[in-house]
Amino acid sequence: MTHAQGPRPSPDEARQALESITLSKQALAPHVRSPAWLYPAQAVGMAMFVIGLVFSKEADWATGLFAVSGILFCVLPMLQSRGRVVVDVYTHPGSRGLSWTYVAVFLLICVAAVVLYSTYSRAWIAYVAAVLVLVLTLVAGPAMDARLERALRNAG
């Protein structure tokens, strides 16, 4: 099956189209910041997830934390996108490296917390891991936003 194509653009038309795309990205850059409430809400959800994960084998309330964190993670993207365009900081090439680092450190904290709690059965391990994840999210989230903004501003 073939597609009908119009005449090829001239070099000047192609250059103008690329310049237009660059200008659009640069104009978008100052507006990519996530809402101020997003990363604190995400951080609380991540902390609840870690506590629920660590205590999941022995406390019934831990399942409730999983459920609440799961609902929070489902609702946050919908709330964030209400009335605005969202550029995903986790998948955009401008911030993808930092997002992979964030996910890797989060997983490392989760695994360490579960292993340490399984070994030593100290509740404080779960709470320290939750605080670490909370701080990690509060630092990494705005850093990913800043990287994304910089990548869009320098697009060209």
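Relevant structure appears above.
Reading guide: rules and limits
- Residues numbered from 1 in each chain as written.
- Predicted model: local features only at pLDDT ≥ 70, side-chain atom pairs only at ≥ 80, totals over all residues.
- Heavy atoms only, no water.
- Salt bridge = Lys/Arg side-chain N within 4 Å of Asp/Glu carboxyl O.
- Helix = DSSP H or I, 4+ residues; strand = E, 2+ residues; numbered from the N terminus.
- Buried < 20%, exposed > 50% of the residue type's maximum accessible area, 1.4 Å probe, protein only.
- Expected span 1.5 Å × (residues − 1).

A. Layout of the pattern of salt bridges. All chains considered together, the criterion is met by one salt bridge. Notably, a salt bridge pairs arginine 15 with aspartate 12, separated by 3.6 Å at the nearest N-O pair. Taken together, the residues span about one helical turn, with arginine 15 and aspartate 12 both in helix H1 (residues 11-28) at a distance of three residues. On the accessibility criterion, arginine 15 (40% relative accessible area) is partly exposed.

B. The arrangement of the environment of arginine 33 in detail. Structurally, arginine 33 is set in the loop between H1 and helix H2 (38-55). Given the relative accessible area of 37%, arginine 33 is considered partly exposed. Arginine 33 sits 116 residues away from glutamate 149 along the chain, and the two C-alpha atoms are 7.5 Å apart.

C. Representation of H2 in the model. Over its 18 residues, H2 runs 26 Å from end to end, which matches the ideal 26 Å to within 8%, given 1.5 Å per residue. The element H2 is largely enclosed, with a buried count of 13 among its 18 residues.

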